[in-house]
Amino acid sequence: METSHVPGSDNPADDLSRGLEPEELPQCRRWWQGPTWLSYGQEKWPQTPTLMKENEADTEERLTVSKIVTISTTCDFSNALFARYSAYGKLRRVVGYCLRFYANLRASKSFPDERVRQIPELKTIAGSVPSLTTGLTLTLTTELQSAELRLCQLAQQDSFVEELHDLKRGKQVNTKSKLKWLYPYLDSQGVLRVGGRLGNANIPESTKHPIVLAASHRLSTLLAENIHRQKMHAGPQFMLATIQQKCWLIGGRNLVKNVYHRCHTCFRNKPTLVKQAVADLPESRVTPTRPFAVSGVDYCGPFLIKSTVRNRAPTKAYIAIFVCFATRAVHIELVSDLTSTAFLSALRRFVARRGIVAELHSDNATTFKGASHEFHRIYRMLKTDEGDRREIFDWCAENQIVWKFIPPRAPHFGGLWEAAVKSAKRHLLKTIGVSSVTQENMLTLLAQIEQCLNSRPLIPMSDDPTDLEALTPGHFLIGSSMQAIPDVDLSKVSSNRLKEYQLVQKHMQEIWARWYPEYLQQIQARAKHANNAPVKLEVNQLVIIKEDNVPPAV
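Small disclaimer: the values here were computed from a predicted structure and weren't measured. Residue numbers run consecutively from 1 along every chain, following the written order of its sequence. Only residues with pLDDT of 70 or above have their local features reported here, since the model is predicted, and side-chain atom pairs are shown and tallied only from 80 upward, although totals for entire chains, interfaces and linings are computed over all residues. Side-chain calculation: all heavy atoms of the structure are included, whereas hydrogens and water are not.

Novice: Sorry if this is basic, but what is going on with the confidence of the model for the protein chain here?
Specialist: In regions of low pLDDT, the predicted coordinates are not meant to be interpreted in detail. Residues with a pLDDT of 70 or more make up 69% of the protein chain, whose mean pLDDT is 75. A residue's pLDDT is simply how confident the predictor is in it, with values from 0 to 100. Contacts are residue-level and defined by heavy atoms, with any inter-residue pair within 4.5 Å sufficient. A low-confidence stretch, residues 50-56 stays under pLDDT 50, and its non-local contacts, those more than four residues away or across chains, total two contacts. Every residue in residues 63-73 scores below 50 in pLDDT, and together they form one contact with partners more than four places removed in sequence or on other chains.

Right, dumping it as structure tokens:
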């Protein structure tokens, strides 16, 4: 029977493959009656194009070009398919519905297989999956497994073109291939799997011979993200171990790490904090001044004070620690409670014994706000109680004392007095523990602790016996260490033989002369965060602010 050519503009098959609206179908004469030239004589039918005779080389070249065009079209479609969906579950379900539709068309008598395979997109998705052509419907689990298998096939066609070509021809993969160590093979359904050495292991077949995928492919990324969410935001090791139970990712370790670090939920729960380099010391720390001219104050406690009356319950007391910025000398005062009157009394005793203070630094009041209930009273005293606050600040203003608060949420500004509080509490806890003592014994104990803290060396000790004694805060207070043995009494020596004032002044100048080369140079280095370069935060840059009292996921 002689066949003739039908031009594409007159081909009724296009109405099926390209589709028609329901209201257009009744008026479509080409579908119901065919092309108009069928009613004319055969001499008026369209002429069949003349096929030129070609030699074998031209025929082989034409077939090669056709094959390349077909592969390129398939790759373009699969790339568009993987790029269209951002969730692996949705992509798998869409492909499962396409495979179900394809299976239904293959099983229907009214839709011949030749017409179905004229749909290039559906043909690309369906490929050759024998299990889909055996029945009208399949269970949802089987359909999803078939969809997953087909997606892996498409991904392998994109990533391992040469390897698939060699294995289909019965050859081994190229020695330059990344798969040469895995001994890959094609299973009965044409899927590339790992050969490996676990053939005799008592484990599932999919684990013995997992499907090979390239980590650079879009499907691998979608699969890793799906496992990450499915396993409750698992870490890279757990993700890779779970994926390798059915798929072997080439370069999968870097992929799972990237997926883990790109997860917003995981990043917000464990963010990378920006650490700045240690700043320069303030001017008050590196300028020679009279001891306690610039001081910091902090509270610690409570401690129990035993009553002098028998059978009366102990009362709470607190400790106010004053620290000199220049010499790191310590002054300790016992405070009966956390009221403004008690604090003002302790401040007056401190000024009476150590001299007028030019600047007094302390923690910001918001620090006490987030602390325990006891220290929350300090916040109310400094911020909310207008009467107590005015009384303290008025007294400081009359005595020309400038009170400065450190910036909010910057506890490192108060590291000087925090270290003194830590040392004082350590001595107290090792001495009395949690027991209560009388007020007189507590005052004695605090004076001895103050003596110990002011006798600590400001610089590392030297092993050379000819060196002078170590410089301590006590040298700036009394001219020598608090623990030093008193000198010989020279009160009976004639005054004209001793220039007491000049000797004292010379001795103090010698002490301050040692302060610069020994102590000040010792605190020059940035011991903390030494390797952290300054981080410059720019305007409109997206950051996560870490709050101390807020859950990490909020």
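Read on, since the account is not over.
Novice: Looking at this model, I keep getting lost on the environment of Thr438. Mind explaining?
Specialist: Per the convention used, a helix needs a DSSP run of H or I reaching at least four residues, while a strand needs a run of E reaching at least two, with both numbered from the N terminus. Among the structural elements, Thr438 can be located in strand β10 (residues 437-438). Along the chain, Thr438 and Pro314 lie 124 residues apart, while their C-alpha atoms are 9.0 Å from each other. Not counting the four nearest positions on each side in its chain, Thr438 is found in contact with Ile305 and Lys306.

Novice: Sorry, what's going on with the nonpolar core here?
Specialist: Nonpolar side chains in soluble globular proteins tend to be buried together. Each nonpolar core is a collection of buried residues, namely Ala, Val, Leu, Ile, Met, Phe, Trp, Tyr and Cys, held together in the definition by side-chain atoms within 4.5 Å. Only protein chains enter the accessibility calculation, which uses a 1.4 Å probe. A residue is then buried if its area is under 20% of the maximum for its type, exposed if over 50%, and partly exposed in between. The biggest cluster of nonpolar side chains holds 31 residues, and the ones touching the most others in it are Leu91, Leu213, Leu219 and Ile243. Broken down by secondary-structure element, the contributors of at least two residues to this core are α3 (56-84), α4 (88-107), α7 (140-159), β3 (211-214), α10 (218-230), α11 (236-243), β4 (247-250) and α12 (252-262). Apart from residues no more than four positions distant in its own chain, Ile243 is found in contact with Leu223, Ala224, Ile227, Leu249 and Val256. Membership of the second largest hydrophobic core comes to 26 residues, among which are Val330, Ala424, Leu428 and Val437.

Novice: I'm lost on the pattern of salt bridges in this one. Help?
Specialist: Note on pairing: side chains with opposite charge can pair once their charged atoms come close. A carboxyl oxygen of Asp or Glu within 4 Å of a side-chain nitrogen of Lys or Arg is what we treat as a salt bridge. Scanning the model with the defined rule gives 10 salt bridges in all. Between Arg92 and Glu148 there is a salt bridge, with the nearest N and O atoms lying 3.8 Å from each other. One end of the pair, Arg92, is in helix α4; the other, Glu148, is in helix α7, with 56 residues separating them in the sequence. Residue Glu148 is classed as buried on the basis of its relative accessible area, which comes to 16%. For Arg100, the salt bridge identified is with Glu143, shortest N-O distance 2.6 Å. Highlighted residues: Arg100 in helix α4 and Glu143 in helix α7, separated in sequence by 43 residues. In this structure Glu143 comes out as buried when scored by relative accessible area, which is 6%.

Novice: Would you take a moment to explain the side chain of His361 for this structure?
Specialist: You can see His361 is positioned in strand β8 (residues 359-362). Excluding residues within four positions of it along the chain, His361 makes contact with Val294, Ser295, Gly296, Val297, Phe325, Lys404 and Trp417.

Novice: Would you take a moment to explain the pairing of β8 for this structure?
Specialist: It is a general feature of regular strands that their side chains alternate between the two faces of the sheet. When DSSP finds at least two bridges between two strands, those strands are taken to pair. Looking at chain direction, strand β5 (residues 294-306) and β8 are connected through four bridges and run parallel. Note on β8: the bridge partner recorded for Ser295 is Leu360.

Novice: Honestly, the packing of aromatic side chains in this entry has me stumped. Any pointers?
Specialist: To describe a pair of aromatic rings, one takes the distance between the centres and the angle between the planes. Ring pairs shown here join Phe, Tyr and Trp side chains whose ring centres sit within 6.5 Å, with only the six-membered ring taken for Trp; geometry is labelled stacked below 30 degrees between planes, edge-to-face above 60, and tilted in between. Overall, the coordinates contain four aromatic pairs when judged by the stated rule. A centroid spacing of 5.5 Å and a plane angle of 80 degrees characterise the contact between Phe292 and Phe350, whose relative ring orientation is edge-to-face. Here the residue Phe292 occupies a position in the loop between α13 (264-269) and β5, and Phe350 occupies one in helix α14 (residues 340-354), the gap between them amounting to 58 residues. No difference in accessibility class separates Phe292 from Phe350, as the two residues are buried. Clustering of aromatic rings is evident, with ring pairs tying together Phe292, Phe322 and Phe350.

Novice: I'm lost on α11 in this one. Help?
Specialist: Because each turn of an α-helix spans 3.6 residues, side chains separated by three or four positions in sequence point in the same direction. Regarding α11, the residues found buried are Met239, Leu240, Thr242 and Ile243. Projection of α11 onto a plane perpendicular to its axis shows the buried side chains occupying an angular sector of 165 degrees, all on one side. Looking at the buried positions of α11, the neighbouring elements they touch are α10, β4 and α12. Of all possible arcs, the one meant is that of the directions from the helix axis to the C-beta atoms.

Novice: Would you mind going over helix α8 (residues 161-168) with me for this structure?
Specialist: Listed as buried for α8 are Glu163, Leu164, Asp166 and Leu167. Buried residues of α8, seen end-on, are gathered within an arc of 165 degrees and therefore sit on one face of the element. In this structure, α8 carries Glu162 and Lys168 as exposed residues pointing more than 90 degrees from its buried face. The elements touched by buried residues of α8 are α7, β1 (185-186) and β2 (192-193). Looking at the residues trailing α8, positive phi occurs at Gly170, about 80 degrees.

Novice: What is the right way to look at the environment of Gly251 in this model?
Specialist: Considering the arrangement of structural elements, one finds Gly251 in the loop between β4 and α12. For Gly251 and Ala214, which are 37 residues apart along the polypeptide, the C-alpha to C-alpha distance reads 7.1 Å.

Novice: For this particular structure, what's the right way to read a positive patch on the surface?
Specialist: Each patch is assembled from residues with relative accessible area greater than 30% and no salt bridge, linking like charges that lie within 9 Å and nonpolar side chains (Val, Leu, Ile, Met, Phe, Trp, Tyr) that lie within 5 Å. The Shrake-Rupley method, run with a 1.4 Å probe sphere, supplies the accessible areas, and residue values consider only the shown protein chains as cover. Charge convention: Lys and Arg are scored as positive, Asp and Glu as negative, and His as well as the terminal groups of each chain are ignored. Where a charge sits is defined by one atom per residue type, namely NZ (Lys), CZ (Arg), CG (Asp) or CD (Glu). Taken together, the side chains of Lys422, Arg426, Lys430 and Arg456 present a region of like positive charge at the surface. Within the element layout of this structure, Arg456 appears in the loop between α19 (439-453) and α20 (473-478).

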